[in-house]
Amino acid sequence: MKTWIAFCCLLLAGNLSASTLINGAGATFPFPLYSKWFSDYNKSHPDVQINYQSIGSGGGIRQFGQRTVDFGASDAPMTDAQLADLKEPVLHVPTVLGAVVASYNLPEVKERLVLSGEVLADIFLGKITKWNDPALVALNPKAGLPEKPILVVHRSDGSGTTNIFTEYLSKVSPGWKSKTGTGTAVKWPVGLGGKGNEGVAGLMKQTPGSIGYLEMIYAMKGGLSVAAVKNKSGAAVFPDTASITAAASGVAVPADFRVSLTDAPGKAAYPISGFTYILVWKKPSDAAKGKQFTEFLNWALTEGQGGVAALHYAPLPKNWSSAVLKAVNAGAGTAPNSGT
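Just so you know, these numbers come straight off a predicted model, no measurement behind them.

## Considering the overall build of the protein
Logical step 1: Tallying secondary structure elements over the protein gives 13 helices and 12 strands in all.
Logical step 2: Here the C-alpha atoms of the protein give a radius of gyration of 22 Å, agreeing with the 20 Å that 2.2 N^0.38 yields for 340 residues.
Logical step 3: For the protein, the spread of C-alpha atoms along the three principal axes comes to 80 × 50 × 35 Å.
Logical step 4: Counting over 340 residues, the protein shows a buried share of 54%.
Logical step 5: The long-range fraction of contacts in the protein, counting pairs at least 24 apart against all pairs at least 6 apart in sequence, stands at 76%.

## As for helix 9 (residues 196–205)
Logical step 1: Burial in helix 9 covers these residues: Gly196, Asn197, Val200, Ala201, Leu203 and Met204.
Logical step 2: Next to the buried residues of helix 9 lie strand 4 (90–104), strand 6 (151–155), helix 7 (160–172), strand 7 (192–194), strand 8 (210–215) and helix 10 (216–221).

## Notes on helix 12 (residues 287–300)
Logical step 1: Helix length check: helix 12 (14 residues) gives 20 Å between terminal C-alpha atoms against 20 Å at 1.5 Å per residue, within 8%.
Logical step 2: Every buried residue of helix 12 is accounted for by Lys289, Gly290, Gln292, Phe293, Thr294, Phe296, Leu297, Trp299 and Ala300.
Logical step 3: Sitting at the head of helix 12, aspartate 286 places a side-chain oxygen 3.3 Å from the backbone nitrogen of alanine 288.

## A short note on the pairing of strand 3 (residues 71–74)
Logical step 1: Here strand 3 shows two buried faces, one formed by Phe71 and Ala73 and the other by Gly72 and Ser74.
Logical step 2: In this sheet, strand 3 lies alongside strand 1 (residues 20–26) in parallel orientation, the contact comprising 3 bridges. Paired with glycine 24 across the bridge in strand 3 is phenylalanine 71.
Logical step 3: Bridging between strand 3 and strand 12 (residues 273–281) involves 3 bridges; their strand directions are antiparallel. Each residue of the ladder has a partner; that of serine 74, found in strand 12, is tyrosine 277.

## Things to note about the packing of aromatic side chains
Centre distance and the angle of the planes are the two values used to describe a pair of aromatic rings.
Logical step 1: All told, the structure shown has 27 aromatic pairs when counted by the stated rule.
Logical step 2: Aromatic side chains phenylalanine 64 and tryptophan 281 sit 4.5 Å apart centroid to centroid with 25° between the ring planes, which places their arrangement in the stacked category. Here tryptophan 281 lies in strand 12 and phenylalanine 64 lies in helix 3 (residues 57–65), a separation of 217 residues in the sequence. We note that phenylalanine 64, like tryptophan 281, is buried.
Logical step 3: Seen from their ring centres, phenylalanine 165 and tyrosine 213 are 4.5 Å apart, and the 10° between their planes marks the pair as stacked. Taken together, the positions of phenylalanine 165 in helix 7 and tyrosine 213 in strand 8 put the pair 48 residues apart, joining distant regions of the chain.

## Observations concerning the environment of leucine 86
Logical step 1: Structurally, leucine 86 is set in helix 4 (residues 80–86).
Logical step 2: In this structure the C-alpha to C-alpha distance between leucine 86 and phenylalanine 64, which are 22 residues apart in sequence, comes to 9.7 Å.
Logical step 3: Sequence-distant contacts of leucine 86, defined by excluding residues within four places in its chain, comprise Phe64, Gly65, Arg67, Met78 and Trp281.

## Section: the layout of surface pockets
Logical step 1: By volume, the largest pocket amounts to about 280 Å³.
Logical step 2: Asp75, Ala76, Pro77, Asn163 and Glu167 are the residues nearest the centre of the largest pocket, which is lined by 21 residues in total.
Logical step 3: Contributions of two or more residues to the lining of the largest pocket are made by helix 7 and strand 12.
Logical step 4: Counting residues per element, the lining of the largest pocket draws most heavily on strand 12, at 4 residues.

## Some remarks on the pattern of salt bridges
When their charged atoms lie close together, side chains carrying opposite charge are able to pair.
Logical step 1: Enumeration over the complete set of coordinates arrives at 10 salt bridges.
Logical step 2: The closest approach of N and O atoms between lysine 148 and glutamate 108, which form a salt bridge, is 2.8 Å. Taken together, the residues lysine 148 in the loop between helix 6 (134–139) and strand 6 and glutamate 108 in the loop between strand 4 and strand 5 (114–115) connect sequence positions 40 residues apart.
Logical step 3: The partly exposed category is assigned to glutamate 108, whose relative accessible area is 36%.
Logical step 4: Between arginine 258 and aspartate 256 there is a salt bridge; the shortest N-O distance is 2.9 Å.
Logical step 5: The class for arginine 258 is partly exposed, based on a relative accessible area of 23%.
Logical step 6: Salt bridges sharing partners connect three or more residues here, namely Asp80, Asp256 and Arg258.

## Details of the sheet that holds strand 11 (residues 236–237)
Logical step 1: If you walk across this open sheet you meet the 3 strands as 5-10-11, and the pairing is mixed. In this open sheet, the two edge strands, each paired with only one partner strand, are strand 5 and strand 11.

## With respect to the side chain of asparagine 140
Logical step 1: Note on placement: asparagine 140 falls in the loop between helix 6 and strand 6.
Logical step 2: The residues touching asparagine 140, leaving out its near neighbours within four places in the chain, are Arg112, Leu113, Val114 and Leu145.

## Structural notes on unusual backbone geometry
Logical step 1: Residue arginine 67 is not a glycine yet carries a positive backbone phi of 65°.
Logical step 2: Turning to its location among the elements, arginine 67 is positioned in the loop between helix 3 and strand 3.
Logical step 3: In this structure arginine 67 comes out as buried when scored by relative accessible area, which is 15%.
Logical step 4: A positive phi is found at lysine 87, a non-glycine position, where the angle reads about 60°.
Logical step 5: You can see lysine 87 is positioned in the loop between helix 4 and strand 4.

The rules behind the values
- Residues numbered from 1 in each chain as written.
- Predicted model: local features only at pLDDT ≥ 70, side-chain atom pairs only at ≥ 80, totals over all residues.
- Heavy atoms only, no water.
- Helix = DSSP H or I, 4+ residues; strand = E, 2+ residues; numbered from the N terminus.
- Rg over C-alpha atoms; globule rule 2.2 N^0.38 Å.
- Buried < 20%, exposed > 50% of the residue type's maximum accessible area, 1.4 Å probe, protein only.
- Contact = heavy atoms within 4.5 Å.
- Expected span 1.5 Å × (residues − 1).
- Polar contact = N/O pair within 3.5 Å; in protein donor to acceptor, adjacent residues only side chain to side chain.
- Pairing = 2+ DSSP bridges.
- Phe/Tyr/Trp six-rings, centres within 6.5 Å; stacked < 30°, edge-to-face > 60°.
- 1 Å grid on protein atoms, 1.4 Å probe; cavity = no way out; pocket = protein on both sides within 12 Å on 5 of 7 lines; lining within 4 Å.
- Points joined across faces, edges and corners; volume = space filled by probe spheres on them.
- Salt bridge = Lys/Arg side-chain N within 4 Å of Asp/Glu carboxyl O.

Spelled out as structure tokens, the structure:
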């Protein structure tokens, strides 16, 4: 009996040692999709387990730089200064496109609201404080907007979602640009903070009269309404797969894939769109682990793209996916000395 138990223990240990554990952390924006991807990939590749902590883009960039995870994830590309601090080459891998939506909790309003960038900026600056403000009524004359205070909800943590949203506001509002500006974390003029997209959605759901910005699936899951937003061409556009893809259609593919899609031209473009990125090292110290993660990225950029629309993301345009695949296979891996 003892011999049989010892044999089973050795067999189990052998199976565990044959499995590769890859750890990542970062953006909450793609978390619903990444959770599905990592689970689906493990089913067909049981020897590879990918764990992901949804802690926000700022935390993902920080942990990636500290080598405490194997890969990072961010909706905001790393800055030149951040890349210079790492002193090792990093590859930004765009995985999908997504929309940052202007979401609101007004159950008494049945008509979908239309917002403009200028009005959004004034709401988040604290200049527009009631739902029946003339600027909102002018955009929504038939909505029957109530005389109710607007309660702003924003992110409290470092966030790529915040970077996309504030970048957009800075492009359309000189007042926002001069007072608050763009960043993964900013000094908010007004409002309550929630941690992660989940935290913002939770606060909004329990706060009638609230408005906030979210990755679209979190608004949908929370039963929150989503506004159409006027784009650069003056068209009121609702975020969906087609309008998110349209935001990237006229954008050239830069060599490092770091690009802004906010306030994109084109009548069909949703104006608060962006890529979300996985961050990997171009020269991995663990060649075997780097090879396995590269194989996952190949799967995610091909087969994995098929199911993204069901979760309210948009797949990479063909010109982007071919360029990203080429870069991934030229050298993508995991963090050196990560301890995992």
